[in-house]
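# What the coordinates show
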Amino acid sequence: MQTIGLVGGTGDLGRALAVHLCKKYKVKLGSRTISRAQAAVTEILQDKKGGSELRQNLLPVSNNEAVSDSELAFLTVPYESALETVKSLTTEFQRGQTLISCAAQVSKRGKEFFGESAVSLSKQIQDVVPQCEVATGFQTVPAVVLYKEATISSDVFIACNEEGTFRKVAEVVLTINGLRPLYVGTLEHAGQLESLTALLLNVGLRNRLKSPTFKIHSF
Ligand SMILES: NC(=O)c1ccc[n+]([C@@H]2O[C@H](COP(=O)([O-])OP(=O)(O)OC[C@H]3O[C@@H](n4cnc5c(N)ncnc54)[C@H](OP(=O)(O)O)[C@@H]3O)[C@@H](O)[C@H]2O)c1
């Protein structure tokens, strides 16, 4: 069974991914503090009534172990700390490992949200860990809904440099009911994805839409 690591797995998105991914994978939920990882796992087990897959497959670990013991890792820490977090874990990443950055750049001025990433975070991360295949995705999937629901109808936009990396990420995305992985292109496009959340939050705010997401239609 493949192992997936969650760096910063104690937050909303990490917990939501953990609940779904442990149905198919061993999931190492990471934190800077092991006691926080343990508390998060205990809370998830209580909240979700501890199904056998959760009890067997969900493990609390340090962020270091979430990276060093996984074939594929999600980076689910705030945008502002994402690059520093990856830098602090550089030696833990292995050659060929896949790292998916979920960080979204959103700042708030008054009532409005802005997403202005001059240089995409994911491109900077790729430079720090050249041994890894870096992808970016999940920015437009609302974590609270993902945590609560068994199925979530949403598209997951993914940018990464190689189509082979996209296929690996897509395989994981497809294990979550209702999610559709869509390839955006290389990390040159990552900045667009990282700032899409601001657009989504403004649309939600201005039109009174709760937990908005993207679902592309074609004709
Ligand atoms: N929430 C959503 O709906 C959603 C959806 C899509 C994408 N995202 C993106 O996914 C990422 C995670 O979102 P979230 O809502 O789960 O975030 P969060 O709850 O604010 O943070 C997640 C975890 O990051 C760790 N963390 C916090 N500050 C840190 C720092 N300075 N350095 C290193 N680690 C730190 C904490 O874990 P420990 O204290 O246990 O280490 C925290 O539990 C964000 O970049 C967000 O933009 C969020």
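Relevant structure appears above.
In short, a report on the structure. (Residues numbered from 1 in each chain as written. Predicted model: local features only at pLDDT ≥ 70, side-chain atom pairs only at ≥ 80, totals over all residues. Heavy atoms only, no water.)

In a regular helix each residue adds 1.5 Å, so 14 residues correspond to 20 Å; helix 2 (residues 34-47) covers 20 Å between its end C-alpha atoms and thus fits that length. Buried residues in helix 2 make contact with helix 1 (12-21), strand 2 (26-31), helix 3 (52-57), strand 3 (58-62) and helix 7 (143-148). Where helix 2 terminates, the next one or two residues include Lys-49, which has phi positive at roughly 55 degrees. (Helix = DSSP H or I, 4+ residues; strand = E, 2+ residues; numbered from the N terminus. Expected span 1.5 Å × (residues − 1). Contact = heavy atoms within 4.5 Å.)

A word on the layout of surface pockets. Estimated volume of the largest pocket: approximately 900 Å³. Asp-12, Leu-13, Cys-102, Ala-104 and Ala-143 are, among the 39 residues lining the largest pocket, the residues nearest its centre. Elements that contribute at least two residues to the lining of the largest pocket include exactly helix 1, helix 5 (79-88), helix 7 and helix 9 (190-207). Looking at the lining of the largest pocket element by element, the count peaks at five residues for helix 9. (1 Å grid on protein atoms, 1.4 Å probe; cavity = no way out; pocket = protein on both sides within 12 Å on 5 of 7 lines; lining within 4 Å. Points joined across faces, edges and corners; volume = space filled by probe spheres on them.)

The next point concerns unusual backbone geometry. Phi is positive for Phe-138, close to 75 degrees, though the residue is something other than glycine. Within the secondary structure layout, Phe-138 lies in the loop between strand 8 (133-136) and helix 7.

This part covers the nonpolar core. By size, the foremost hydrophobic cluster in this structure holds 39 residues, and its most contacted members are Leu-17, Leu-21, Phe-74, Phe-138, Leu-146 and Leu-179. Those elements giving two or more residues to this core turn out to be strand 1 (3-7), helix 1, strand 2, helix 2, strand 4 (72-75), helix 7, strand 9 (154-160) and helix 8 (163-173). Ranked by residues supplied to this core, first place goes to helix 1 with six residues. Residues within four places of Leu-179 in sequence aside, it is in contact with Phe-138, Val-141, Leu-146, Ile-152, Ser-154, Val-156, Val-173 and Leu-174. (Core = buried A, V, L, I, M, F, W, Y, C linked by side-chain atoms within 4.5 Å. Buried < 20%, exposed > 50% of the residue type's maximum accessible area, 1.4 Å probe, protein only.)

What follows is about the packing of aromatic side chains. Per the counting criterion, the structure on display carries three aromatic pairs. Centroid distance Phe-74 to Phe-138: 5.7 Å. Interplanar angle 80 degrees. Geometry classified as edge-to-face. Taken together, the positions of Phe-74 in strand 4 and Phe-138 in the loop between strand 8 and helix 7 put the pair 64 residues apart, joining distant regions of the chain. Phe-74 sits in the buried class, given a relative accessible area of 1%. Under the relative-accessibility criterion, Phe-138 is labelled buried at 3%. Over the face of the ring belonging to Tyr-147 we find Lys-48, whose NZ or CZ atom lies 4.5 Å from the ring centre. (Phe/Tyr/Trp six-rings, centres within 6.5 Å; stacked < 30°, edge-to-face > 60°. Lys NZ or Arg CZ within 6 Å of the ring centre and 35° of its normal.)

Around the ligand there are 22 residues in total, and Thr-10, Ser-31, Arg-32, Arg-36 and Val-77 lie nearest to it. Within the side chain of Arg-32, a nitrogen or oxygen atom sits 2.8 Å from an oxygen atom of the ligand. The contact in question runs from an oxygen atom of the ligand to an N or O atom on the side chain of Arg-36, over 2.9 Å. Protein contacts shield 74% of the accessible area of the ligand, which totals 890 Å² for the unbound molecule. When atoms are counted within 2 Å of each cavity's grid points, the one that captures over half of the ligand is the largest pocket. (Near = heavy atom within 4 Å. Polar contact = N/O pair within 3.5 Å; in protein donor to acceptor, adjacent residues only side chain to side chain. Areas by Shrake-Rupley, 256 points an atom, 1.4 Å probe, with all protein chains shown as cover. Sits in = over half its atoms within 2 Å of the grid points.)

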